[in-house]
Every structure is written in structure tokens, then in C-alpha cells.
Amino acid sequence: MTREEAISLVRSHVKSENLVNHMIATGAVMKALAKKMNEDENEWEIAGILHDYDYPETENDPGRHGFVSVEMLKSYNLPQEIYDAILAHAEKKPLETKIERALYVADPTTGFITAAALIRPEKKLEPVDTKFLIKRFKEKSFAKGASREQMAMCSELGLTLEEYFGIALEAMKSIHEEINL
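Nothing here was measured: the structure is a model prediction, and the numbers come from that model.

## A short note on helix H1 (residues 3-13)
Phase 1: All buried positions along H1 are accounted for by Arg3, Ala6, Ile7, Leu9, Val10 and His13. The arc that holds every buried residue of H1, seen down its axis, measures 160 degrees, which confines them to one face. Facing away from the buried side of H1 by over 90 degrees, the exposed positions are Glu4 and Ser12.
Phase 2: Residues of H1 that are buried make contact with helix H2 (17-36), helix H3 (41-50), helix H4 (55-58) and helix H5 (67-73).

See the structure below:
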């Protein structure tokens with residue numbers, strides 16, 4: 001599956017533009033992480049784009065989140081690593097591989113970075129920098145829904161929080177027009 005096919009699939013199924021933007025942003029962060037770790041950039045990006053595919057069906061039933069995505073996406077014959085990453089990000093299987101850990105870490109990060117952009121007067125990513133993100137990370141009341149514990153697991157990918165935020169922020173800035181930031 002190509003990036004364009006994954007985005008088209010998401011857009012045809014997920015009606016919330018904010019959720020679509022989150023999924024595309026997560027794909028961009030995953031692609032950047034794959035590049036940093038010499039992994040399959042396309043595979044990692046597709047995992048990021050599709051990770052919340054079942055959200056319209058599971059929003060009020062989180063116990064099924066991940067399982068429903070995998071079932072809905074089985075007919076696309078994606079690599080097993082993508083299905084496993086989708087399950088792991090939803091805590092439906094243990095985090096065992098790099099792609100699983102990366103998606104688990106990336107998922108809350110895109111919302112955190114988006115929140116950092118939206119509190120700026122410009123409501124854009126451009127003025128946001130790593131120093132600003134680190135400062136906001138320490139503020140427990142900022143973007144409370146973005147799990148600090150999950151983001152801090154970037155250390156399991158061999159990255160400091162500062163390095164990780166730099167990679168994620170640049171990835172999102174590279175697609176800022178596509179995600180309206």
C-alpha cells in the first residue's frame with residue numbers, strides 16, 4: 001500500500017478532519033523514525049496513518065480498539081508488522097519490536113505537538129521548537145491527554161526526549177500544509 005492509498009482509505013472512512021490530520025501526522029513521525037533507525041519508511045508510515053482506522057467504530061468501546069482495525073484492514077494483505085503495531089499501540093499486545101514501540105510513542109506525540117502549535121498566536125507549527133516542547137512536557141496540565149509516560153518511552157528507541165521531539169517536530173513541519181498547521 002502506498003501513502004496515497006492509505007490516506008485515501010482513511011479519508012473515505014474517518015469523517016473527523018482532526019482525526020485524519022492526527023493519523024497523517026503520526027505517519028510522518030513514524031516515517032522519520034524509520035529513517036533515523038534504518039527501517040522500512042513506507043511500512044512505518046503506513047502503520048502510523050492507519051493506526052486509528054477503527055476509531056469511528058471503537059470510540060465508545062476502547063476494549064475493541066486495534067482489534068477492529070486489524071479485522072477491517074486484513075483484506076489489504078499488509079505486512080504482519082503493521083497489524084502488530086496497530087494492536088500494540090492500543091495495548092492489545094506487548095511492545096516487542098521497534099515499529100511497535102515507535103507507534104506507541106508517536107501516537108500521543110502528534111497531539112502534544114499539535115496542542116503546542118495551537119496555543120501559539122499563529123496557530124502554526126513554524127514557531128514551535130524543541131525547547132518549547134520540553135518546557136510544555138514538564139507542565140502536567142498542558143495537553144493532559146498526551147501520555148508523558150508513552151512519549152518518554154522514546155528512550156527504548158535509543159533517543160533522548162529532546163532528540164525525539166526534534167525528529168517528530170520536523171516530521172510534522174514537513175507536512176504542515178497537509179495537516180493545516
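## Side note on the nonpolar core
Phase 1: Membership of the largest hydrophobic core comes to 62 residues, with the highest contact counts inside it found for Leu33, Leu50, Phe112, Tyr164 and Phe165.
Phase 2: The dominant element in this core, judged by the number of residues it contributes, is H2, at ten residues.
Phase 3: In contact with Phe165, not counting residues within four places along its chain, are Thr109, Phe112, Thr130, Leu133, Ile134, Phe137 and Met151.

## Digging into the packing of aromatic side chains
Phase 1: Tallied over the entire structure, the rule returns five aromatic pairs.
Phase 2: Seen from their ring centres, Phe112 and Phe137 are 6.3 Å apart, and the 80 degrees between their planes marks the pair as edge-to-face. Separated by 25 residues along the polypeptide, Phe112 in helix H7 (residues 98-118) and Phe137 in helix H8 (residues 130-137) bring together distant segments of the chain.
Phase 3: By relative accessible area, which is 0% here, Phe112 ends up buried.
Phase 4: Seen in terms of ring centroids, Phe112 and Phe142 are 5.5 Å apart; in terms of plane orientation they differ by 80 degrees. Their pairing is edge-to-face. Residue Phe112 is located in helix H7, and its partner Phe142 is located in the loop between H8 and helix H9 (148-152); the two are separated by 30 residues in the primary sequence. Exposure class is identical for Phe112 and Phe142. Each is buried.
Phase 5: Ring pairs connect the aromatic residues Phe112, Phe137, Phe142, Tyr164 and Phe165, which therefore count as one cluster.
Phase 6: The ring of Phe137 carries the charged tip of Arg148 above its face, separated from the ring centre by 5.7 Å.

Analysis parameters
- Residues numbered from 1 in each chain as written.
- Predicted model: local features only at pLDDT ≥ 70, side-chain atom pairs only at ≥ 80, totals over all residues.
- Heavy atoms only, no water.
- Buried < 20%, exposed > 50% of the residue type's maximum accessible area, 1.4 Å probe, protein only.
- Helix = DSSP H or I, 4+ residues; strand = E, 2+ residues; numbered from the N terminus.
- Arc of directions from axis to C-beta.
- Contact = heavy atoms within 4.5 Å.
- Core = buried A, V, L, I, M, F, W, Y, C linked by side-chain atoms within 4.5 Å.
- Phe/Tyr/Trp six-rings, centres within 6.5 Å; stacked < 30°, edge-to-face > 60°.
- Lys NZ or Arg CZ within 6 Å of the ring centre and 35° of its normal.

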